[in-house]
Amino acid sequence: MVKANPMIANDRERLESELKRSSSILRNVVFQSLPLLTFGIFIASAIILAESREVVLGLLGSLAFIPLILSIYQTAVQATYLNSLGVFDNLKMMPTRLGGHYLSGVIALDLIPNFAFVLPSVVILLIQKPLVGTLTLLWFLLGIILGHVIGLAIFTTFGLKIQSYKGRYNFLKVIVKVIALIVVLTLFFSLIYAYEYIIPYMGFMTELSVIYPMAITSVFDPFFSIFLLILHSIFLLLIYYYISHKIWERILEPIITSDRRIQNEYFPSTRSKMSSLVLKDLKMISRQTAMIAGFLLPLFVLIPQIVLAVQEGDLSLTQITFFIFIVGALTLSGSDAVLKIEGKNLDFLRTLPLTKDQYIIGKAVTMSLIPMILSIILVVFGIYYYISAILLLPLAFLLPLTSSFFTMIYLFRYEEEDIGIPDINILKMIVLFIIVGLLFGLIAVPILLLNTYIGYFTSYGIASILMISAYLHLKL
Amino acid sequence: MIVTKGLTKWFGGLCAVNDLNLRVQDGEIYGLLGPNGSGKSTTMKILTGILKPSSGTAIVDKVDVVASPIKAKKKIGYVPESPILYESLTPNDMFNFLGGLRNIPSEKLKRRVNYYSNAFEFYPYMHQYIGSLSFGNKQKVSIISALLHDPSILIMDEAMNGLDPKIARILREILFRFKVNGKSIIFSTHVLPLAEMVCDRIGIIDNGTIVAEGTVEELKDKVHEADIEDVFLELTKSRDRVANVLDALKQTE
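Just so you know, these numbers come straight off a predicted model, no measurement behind them.

1. Here's the deal with the interface of chain B and chain A
Argument step 1. Listed as interface residues are 46 residues of chain B and, on the opposing side, 41 residues of chain A.
Argument step 2. Summed over both partners, the interface of chain B with chain A buries about 4100 Å², with 59% contributed by carbon and sulfur atoms.
Argument step 3. One can count 1 salt bridge joining chain B with chain A.
Argument step 4. With its nearest N and O atoms 2.9 Å apart, the salt bridge here joins Lys283 of chain A to Asp93 of chain B.
Argument step 5. There are 9 residue pairs in polar contact (both at pLDDT 80 or more) connecting chain B and chain A.
Argument step 6. Those elements giving two or more residues to the side of chain B that touches chain A turn out to be helix H1 (40-48), helix H2 (69-75), helix H3 (91-101) and helix H4 (106-119) of chain B.
Argument step 7. Within the side of chain B that touches chain A, the residues separate by chemical class into 23 nonpolar, 16 polar and 7 charged.

Have a look at this one:
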């Protein structure tokens, strides 16, 4: 993997040091686990302070969902990246059937740190109630594996398909893929919704808590919990067995679909350097569905909150503002995907008259676009309730751009003038969340303190200054 | 014109290019030949700006590649030894992307894409995803991409790989036209008769340094050999090694 990153591979000294660094598996896992462990301790302290069993179960239910989502995201994006680097190409000729186990083995190293997030809570429960703690531990492990299997399924279904010709309805296909992904990613909430609203009326199977992540709430009923664990494990093993075979088949021979066009003519459409770069990235992202998953993270965080607010009928202008801030902050989560789409093509890009600042600003704009669209949808949604929500429109543009520009400043601190793909790990992401959190806090202060038009306009002013300074910093 | 002076590239303790001095005139096709790992591709990567030299200078069309890389890249068209392309784009997308990055006006871009697509019989693949193209067709995309901005310097690393004889013949004609128009071309290949046919001068590189240089006839005279393959083996001191291996192979039979 290290060798496949052209930015590192072309620099022998850096390659050697990166190989040394990455070969220390234990060091890497510990390094990436520490920040997640810190967050996990905060949640574990809430379990210590919980006054009733229901509160503990509520916390476990929410917690169970985090390793699941992180595993889905990491597996889908990492598998696509590895495939785009061509790491399987040499293995295809080997007289052995590696299956999906090889891919799982490589990705597993990225998934281990997710466990650090839930580890403190598990330790607390192990001390308080050893059996409950042990069951919780097993459920969390199952959640990570489940996320990995779903991620592999997304990669196998969408990531290993080669479409020969760009079809007439390509855009519609992308929309359908995005909707399918949203459904998969929001499965948890769909289940809750079904549990609360649909099933009671249908009068059957009212116990949907038998499905992970809600199934973790069975830990206080050990026999039932063990039974559910066994059922989940059997189900997962069967699915994994199927996918791991399928995945290797598809890696060896990707499905080629042909939607042949009669037209062979060349259609020129030249744009500025920046637009060309952004458009190229958007096309590539839209054609690699597993990568789209990386950009839908804000949506996944938002949907339940919006649904909850609408259900409770207390969707306020402040709440919509808060959602736009969340989308803006989560813009940075797309940095990994937007940089990794270059894969082994980085050498090609380096032969073109493209400066480092043009490349970085282009990437920042690309990663801002989807959050911008999401924020605009939120504003439109807000206008439905309050016409004054139109006031939030500038934030829909300013926040994602501010977030992405500062992300790029942080990630591209290296001194080299060449364009490249910096390493992004969990620690860097957490530092970035803190930086962007502080900046957004600064932007939000006038809105929180004044809560008037003047407050909003002052915030726009601060956001504009931050965004422009970041842009100029990147440009210079 | 392409000029390198004392060009050196170290990868840790390994010297891939060692004090390389080259001069390719305007209107000249220069063949860079050498055994595997001799430093050909590294030299080409330095000239195109992918790699930075450890020391020495590389000038293309009067522009220093290290001091003004962007200016230099505008003048260079590069065909790598294996096509590096965006597999999820179509050639149509790829040419438009390059048109934008290289500031080629729409009309010019259309004219050039049509010209080369016609020459390489490439139209049927214009809207096919690059990832699903055959190696030869990917190579055509790579070649057209390198020619689109009408570069004054062409650097071609095994550019004929994967091309069928008809297209290879057409590419040779295109290279001759480039040469006639005063452009400098560095052409690397392992197919020695092809080098003999295409190149005005040949430089033999071994262990990162030029061991012999001249026209094919000059090189033949130098080592008193009539065949270009023998010239290559003699100049890279591989003749004894090849003879030993052949003997060993015969004995194991």
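2. Some details on the packing of aromatic side chains
Argument step 1. By the definition in use, this model includes 13 aromatic pairs over all chains.
Argument step 2. Measuring from centroid to centroid gives 5.0 Å for Tyr115 of chain B and Tyr116 of chain B, while their planes differ by 75 degrees, and the two rings are edge-to-face.
Argument step 3. Overall, Tyr116 of chain B belongs to the buried group, its relative accessible area being 7%.
Argument step 4. An aromatic cluster is defined as three or more aromatic residues linked by ring pairs; in this entry it consists of Phe348 of chain A together with Tyr86 and Phe97 of chain B.

3. Some words on the pairing of strand E8 (residues 184-188) of chain B
Remember that side chains alternate between the two faces of the sheet whenever the strand is regular.
Residue and element names in this part refer to chain B.
Argument step 1. E8 sits mainly inside the fold: 5 of its 5 residues count as buried.
Argument step 2. Of the two faces of E8, the one lined by Ser184, Ile186 and Ser188 and the one lined by Ile185 and Phe187 are each fully buried.
Argument step 3. Where strand E7 (residues 153-157) lies against E8, 5 bridges are found, and the strand directions are parallel. Of the residues in E8, the one forming a bridge with Met156 is Phe187.
Argument step 4. Regarding topology, helix H6 (residues 165-180) serves as the crossover connection from E7 to the parallel E8, and that connection is right-handed.

4. A closer look at the sheet that holds strand E5 (residues 63-64) of chain B
Residue and element names in this part refer to chain B.
Argument step 1. Strand order in the open sheet made by the 4 strands is E2-E1-E4-E5, with antiparallel pairing throughout. If you trace the sheet from one side to the other, it starts and ends with strand E2 (14-24) and E5, each paired once.
Argument step 2. When strand E1 (residues 2-11) meets E2, the two strands line up antiparallel, connected through 7 bridges. Residue pairing for E2: Trp10 is matched across the bridge by Cys15.
Argument step 3. Along the sheet, H1 makes contact with E1, E2 and strand E4 (55-60), crossing E1 at roughly 115 degrees.

5. Points about the packing of helix H14 (residues 317-330) of chain A against helix H19 (residues 426-450) of chain A
Residues and elements named next belong to chain A.
Argument step 1. Relative to each other, H14 and H19 sit at 155 degrees, their axes nearing to 10 Å. Viewed along their axes, H14 and H19 adopt a mutual orientation that is roughly antiparallel. As H14 packs across H19, the resulting crossing turns out to be right-handed. Along its contact with H14, which presents Thr321, Phe325, Gly328, Ala329 and Leu330, the element H19 presents Phe433, Val436, Phe440, Ile443, Ala444 and Ile447.
Argument step 2. Partitioning the contact of H14 with H19 into residue classes produces 9 nonpolar, 2 polar and no charged.

6. Some thoughts on the side chain of Ser276 of chain A
Residue and element names in this part refer to chain A.
Argument step 1. Within the secondary structure, Ser276 sits in helix H11 (residues 273-287).
Argument step 2. Taking relative accessible area as the criterion, Ser276 reaches 5% and is therefore assigned buried.
Argument step 3. Reaching out from Ser276, the side chain makes a polar contact with the backbone oxygen of Ser272 at a distance of 2.8 Å.

Parameters and conventions
- Residues numbered from 1 in each chain as written.
- Chains lettered and ligands numbered in written order.
- Predicted model: local features only at pLDDT ≥ 70, side-chain atom pairs only at ≥ 80, totals over all residues.
- Heavy atoms only, no water.
- Contact = heavy atoms within 4.5 Å.
- Buried area = accessible area lost by both parts, 1.4 Å probe.
- Salt bridge = Lys/Arg side-chain N within 4 Å of Asp/Glu carboxyl O.
- Polar contact = N/O pair within 3.5 Å; in protein donor to acceptor, adjacent residues only side chain to side chain.
- Helix = DSSP H or I, 4+ residues; strand = E, 2+ residues; numbered from the N terminus.
- Nonpolar A, V, L, I, M, F, W, Y, C, P; charged D, E, K, R; others polar.
- Phe/Tyr/Trp six-rings, centres within 6.5 Å; stacked < 30°, edge-to-face > 60°.
- Buried < 20%, exposed > 50% of the residue type's maximum accessible area, 1.4 Å probe, protein only.
- Pairing = 2+ DSSP bridges.
- Right-handed = clockwise from strand over helix to strand, strands pointing away.
- Axes fitted to C-alpha atoms, helices over the stretch in contact; angles between N-to-C directions.
- Parallel < 35°, antiparallel > 145°, perpendicular 65-115°, else oblique.
- Left-handed = near helix turned anticlockwise from the far one by under 90°.

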